Amino acid sequence: MIDLLLNRSYLPEGMNQSYQEHAQALLSLNDMKKYIREHTPLELHIDRCDSRHNLHGTLSGFHAVIPREEVICDAVSGADKEIAVLSLVGKPVCCEILNLSLDENGKTIVHLSRKRVQTAALEYLLENLQENDIIPAVITSMSPIGVFADIGCGIIALLPIRQISVSRIEHPKERFSPHQQIYVLVQKIDRDQKRFLLSHKELLGTWRENANRFQEGETVTGVVRGVKSYGVFIELTPNLTGLTEPDETLCNGERVSVLIKSILPEKHKIKLHVVGKLPPSSNDTPLQYQICSGNLENWHYLDV
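Heads up: these notes are all about the structure in this document. Given the structure is predicted, the values throughout are model-derived calculations rather than measurements.

What counts as what
Residues numbered from 1 in each chain as written. Predicted model: local features only at pLDDT ≥ 70, side-chain atom pairs only at ≥ 80, totals over all residues. Heavy atoms only, no water. Helix = DSSP H or I, 4+ residues; strand = E, 2+ residues; numbered from the N terminus. Expected span 1.5 Å × (residues − 1). Buried < 20%, exposed > 50% of the residue type's maximum accessible area, 1.4 Å probe, protein only. Arc of directions from axis to C-beta. Pairing = 2+ DSSP bridges. Axes fitted to C-alpha atoms, helices over the stretch in contact; angles between N-to-C directions. Contact = heavy atoms within 4.5 Å. Salt bridge = Lys/Arg side-chain N within 4 Å of Asp/Glu carboxyl O.

1. Comments concerning helix 4 (residues 114-128)
Part 1: Helix length check: helix 4 (15 residues) gives 21 Å between terminal C-alpha atoms against 21 Å at 1.5 Å per residue, within 8%.
Part 2: Listing the buried residues of helix 4 in full gives Arg 114, Val 117, Gln 118, Ala 121, Leu 122, Leu 125 and Leu 126. Buried residues along helix 4 cover an arc of 165° about the axis, so they all sit on one side. Pointing more than 90 degrees away from the buried face of helix 4 are the exposed residues Glu 123 and Glu 127.

Spelled out as structure tokens, the structure:
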């Protein structure tokens, strides 16, 4: 899990500890009026979405509502799609209190805006982020082209599949799971279009950093990532593959045990021998990041 004690405003939804504390406090009506004046950001759990696509939750025992028009900032990709609203049910969202009203029974209703917090978050990110900055993110959805990740209060950025790791994968689900907290590198910022492009492979280390984790003569587990006529590529880590002898019985995605025959740093090659096939595993190995903060420039995978 990503460290929550991060010194940055507008973290991805679900990671804003101070926003959660504000929302979980026992608030009086005077407290909420103070929050309105000060535009205090909160993080609220969404319980349901009604037929008009208004979102509902509970704030300090009061019924809380985010009107459809206050759910998503217009600059966020997919803001006009109702699925983007429906998908928020059961999840935490960043918001601030707009106003208070009474229902027909005289009970207080708290009206909230996620849009306002997103607008402020987007302005903050555009002003403060620089290309090659390393930031936390939360995966919101995956597709064959890559991962869409929340980089701050629901501001979504694309992480293309080719930038996930050096070892090639056929679909992001082979590397990630929905709602997973990860680190990403801000590869490009289009300030005119208000878009961010992400990368990830740089944070998983160079060839040498990954190869140093292994020794000749040991047997380890790996994943088949390419079956060629001249041999089979076996992924030892997301940023490191080795080559074994041709084997037409192997298929992409299979787990195998392999003997490390030789490690050749001068050629950036690892020679392997398949010992046997392994059953599928549901125990995903946590990603091992070599760097998790700062600004990373001039990264070279083949560091000689």
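2. Points about the sheet that holds strand 2 (residues 55-59)
Part 1: Around the barrel, which closes on itself, the five strands sit in the order 1-2-3-5-4 with mixed pairing between neighbours. Within this sheet the neighbouring strands show an average axis-to-axis angle of 50°, counted without direction.
Part 2: Along the sheet, helix 2 (residues 29-38) contacts strand 1 (42-49), strand 2, strand 3 (62-66), strand 4 (92-102) and strand 5 (108-113); its crossing angle with strand 4, the most-contacted strand, is approximately 115°.
Part 3: Contacting strand 3, strand 4 and strand 5, helix 4 runs over the sheet at an angle of about 135° to strand 4.

3. Description of the side chain of Thr 108
Part 1: By secondary structure assignment, the location of Thr 108 is in strand 5.
Part 2: Thr 108 gets classed as buried once you look at its relative accessible area, which sits at 16%.
Part 3: Excluding its chain neighbours within four sequence positions, the residues that come into contact with Thr 108 are Leu 29, Phe 62, His 63, Leu 100, Ser 101 and Leu 102.

4. Points about the environment of Tyr 124
Part 1: Considering the arrangement of structural elements, one finds Tyr 124 in helix 4.
Part 2: Considered as a pair, Tyr 124 and Lys 277 are 153 residues apart in the sequence and their alpha carbons are 50 Å apart.
Part 3: With sequence-adjacent residues up to four places away left out, Tyr 124 is seen in contact with Arg 8, Ser 9, Tyr 10 and Leu 129.

5. Topic: the pattern of salt bridges
It is possible for side chains of opposite charge to pair when their charged atoms get near one another.
Part 1: Going through the model one piece at a time under the given rule, you end up with nine salt bridges.
Part 2: As a salt-bridge pair, Arg 175 and Glu 235 come within 3.0 Å of each other at their nearest N and O atoms. One end of the pair, Arg 175, is in the loop between strand 8 (155-160) and strand 9 (181-190); the other, Glu 235, is in strand 12 (residues 231-237), with 60 residues separating them in the sequence.
Part 3: Take Arg 175: its relative accessible area is 12%, and that puts it in the buried class.
Part 4: The salt bridge involving Arg 225 is made with Glu 235; its shortest N-O contact spans 2.7 Å. One end of the pair, Arg 225, is in strand 11 (residues 219-228); the other, Glu 235, is in strand 12, and ten residues separate them in sequence.

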